[in-house]
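# Structural description and commentary
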Amino acid sequence: MTDFLMPKLGADMTRGRLVEWLKKPGERIARGEVIAVVETDKANVDVESWVAGTLEKILVEPGGDWLPVGTPLAVIAAEAGAEAGAPPAFAAAPAAAAPVTVPRQPPPPDVAPGAPPPRAPLPAAAPAAGGERVPVSPIARKRAGELGVDLASVRGTGPGGRITLEDVERAARERPAAAPAAPAADKRQRMRDAIAAAMARSKREIPHYYLGTTIDMSRALAWLATANAKLPVTERLLAGVLLVKAAALALREVPELNGFWIDGRAQASASIHAGIAISLRGGGLVAPAIHDADKLTLAALSQRLTDLVARARAGSLKSSEMTDPTGTITSLGERGVEAVYGVIYPPQLALVGFGKIVERPWAVDGTVVVRPVVTATLSGDHRATDGHRGALYLDAVARLLQEPEKL
Amino acid sequence: MNKEEIRTKALGVLAAVVPELEPAELAPDKSLRDQLDIDSVDFLNIVVGLAKTFGVDIPETDYRHLYTLDSLVAYLAGRAKG
């Protein structure tokens, strides 16, 4: 038996609330399958199981209280020979509580700062139907999270039984008063609290160093214009896709920047999962991962990026996307900022920043010409690397962007 | 398809990308980007949505016509099939 725990979906997460079960007892679970939706201080997240098996017992019903990270939510009967996959990096971090699934055993002593983890089902505000996942519009899912409505208890009136915004709001009005709604202002404050905790920890624990370089983007943009002119709109590329790919590929050359600071030492990651800093309308940000960003074609990377941004803003991210980033890439260029020196998201080792692509005087063979340029920056953890390695990294990013056809 | 039908369908595309959109509060002659707080990724998703909904290709050189709701509707009225 394996406990399915309240996951830690980032360095800034200490608690979560179960929104919805997507499986019911007796149903089979594939490894990596989304089985629950959990509300964090930042977003509603689709939580995947890291073990294959059968959902044995649900311990916590949707719509209840906020629970500490590591609280058992359900029991999974693991398949014979099935082992839990690599736990999220945050699970191994000093400040983390536990991986998403663990062999069933007494709760770790450092999991719950408050009440002990429950061993029996908690009372639910609304009956949990469980069963097949019904289609839900993004705005309805987001509103359900805000109102604490268990989607399993909502009858969808849209096409094909789709749950609409009106269905969620009606369910909120009709339910017992036991599960109070979370005002939007409260959600915004929780988001700020979560960001404050992570950034304060970063500045408290990580000795940052900062580097910046200006990169000629004329070749990259010319190549992009030519490529986009031949592509249908559905396959068109953004300049940001080239920047993300170059940033990811450069991590292969300086792998010390890709990974985590865990147990007092740097642990490089074999995979490059680019965390993309995404601002949320209404305030706050998240930085979910594009997995294996260095291996994706530009077309695939573009598709993943546009999908990730849309889902992040619709409140539909997966737990692995929240836990897996091995570094973060941010850009504030869209709002005119020319350089961003970011704060590393612990326990990661580095953060890469890109500013606005602007036209500037540029010396070429003794002649001043006008070129589009971008300022790339690196915030590095000085415990793990020195400025020299960081400089090599930015040099690699600049070099890669001079050969966009090879990205 | 008349302009009102185009406007209604276009608002549906915008709402799919920006669920927080309140159509009644959208000034038709002001920047969509500023009013909706959208970035280049959102904008690309909107362009893709418009292209699929109206069955038109929208080259990058025409993006300037999508600056406001009014200009967007006028542009699509000149290109939409049916």
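Just so we're clear, the structure is a prediction, and the values are computed from it rather than from any experiment.

### Overview of the overall build of chain A
A count of helical and extended segments in chain A gives 9 helices and 21 strands. Taking the intrachain contacts of chain A between residues at least 6 apart in sequence as the baseline, contacts between residues at least 24 apart amount to 68%. Within the structure as shown, chain A displays about 16900 Å² of accessible surface, and the carbon and sulfur contribution to it stands at 55%.

### Notes on the environment of S269 of chain A
Residue position: S269 of chain A is located in the loop between β12 (265–268) and β13 (274–276). Sequence separation between S269 of chain A and P255 of chain A is 14 residues, and the spatial gap between their C-alpha atoms is 7.7 Å.

### Notes on the nonpolar core
F4, W21, F354, Y393 and L401 of chain A together with L14 and L50 of chain B are the most contacted members of the largest nonpolar core, which totals 106 residues. Counting residues per element, this core draws most heavily on helix α6 (residues 239–253) of chain A, at 10 residues. Discounting chain neighbours no more than four positions away, the residues touching L401 of chain A are I215, M217, A220, L242, L243, A246 and L407 of chain A. Among the nonpolar cores identified, the runner-up in size contains 6 residues, and L151, V154, I163 and A171 of chain A belong to it.

### Thoughts on the interface of chain B and chain A
Taken residue by residue, the interface counts 24 residues in chain B and 15 residues in chain A. Roughly 1900 Å² is buried in total at the junction of chain B and chain A, and carbon and sulfur atoms are behind 48% of that figure. On the chain B side of the interface with chain A, the three residues burying the most area are P19, V41 and L44 of chain B, jointly 28% of the side's total. At the junction of chain B with chain A, the criterion picks out 7 salt bridges.

### Let's talk about the sheet that holds strand β7 (residues 67–68) of chain A
Overall, mixed pairing links the 5 strands, which are arranged β7-β2-β4-β5-β17 (chain A) in an open sheet. A strand with exactly one partner marks an edge of an open sheet, and here the two such strands are β7 and β17 (317–318) of chain A.

### Quick word on the pattern of salt bridges
Evaluated as defined, the whole model comprises 26 salt bridges over all chains. Among the ionic pairs, D216 of chain A bridges to R371 of chain A, the shortest N-O distance being 2.7 Å. Here D216 of chain A is found in strand β10 (residues 208–216), whereas its partner R371 of chain A is found in strand β21 (residues 367–381), with 155 residues between them in sequence. With a relative accessible area of 11%, D216 of chain A lands in the buried category. The salt bridge partner of D57 of chain B is R236 of chain A, with a shortest N-O separation of 3.4 Å. With D57 of chain B in the loop between α3 (40–54) and α4 (69–77) and R236 of chain A in the loop between α5 (218–230) and α6, this residue pair bridges two chains. According to the relative accessible area criterion, R236 of chain A is buried, its value standing at 3%.

### Things to note about the environment of K52 of chain B
By the element assignment, K52 of chain B lies in helix α3. For K52 of chain B, a relative accessible area of 62% translates into the label exposed.

### Examining the side chain of S49 of chain A
Residues and elements named next belong to chain A. Tracing the backbone shows S49 in the loop between β5 (44–48) and β6 (53–58). According to the relative accessible area criterion, S49 is buried, its value standing at 0%. A polar contact is formed between the side chain of S49 and the backbone oxygen of V51, at a distance of 2.7 Å.

Reading the values: rules and limits
Residues numbered from 1 in each chain as written. Chains lettered and ligands numbered in written order. Predicted model: local features only at pLDDT ≥ 70, side-chain atom pairs only at ≥ 80, totals over all residues. Heavy atoms only, no water. Helix = DSSP H or I, 4+ residues; strand = E, 2+ residues; numbered from the N terminus. Contact = heavy atoms within 4.5 Å. Areas by Shrake-Rupley, 256 points an atom, 1.4 Å probe, with all protein chains shown as cover. Core = buried A, V, L, I, M, F, W, Y, C linked by side-chain atoms within 4.5 Å. Buried < 20%, exposed > 50% of the residue type's maximum accessible area, 1.4 Å probe, protein only. Buried area = accessible area lost by both parts, 1.4 Å probe. Salt bridge = Lys/Arg side-chain N within 4 Å of Asp/Glu carboxyl O. Pairing = 2+ DSSP bridges. Polar contact = N/O pair within 3.5 Å; in protein donor to acceptor, adjacent residues only side chain to side chain.

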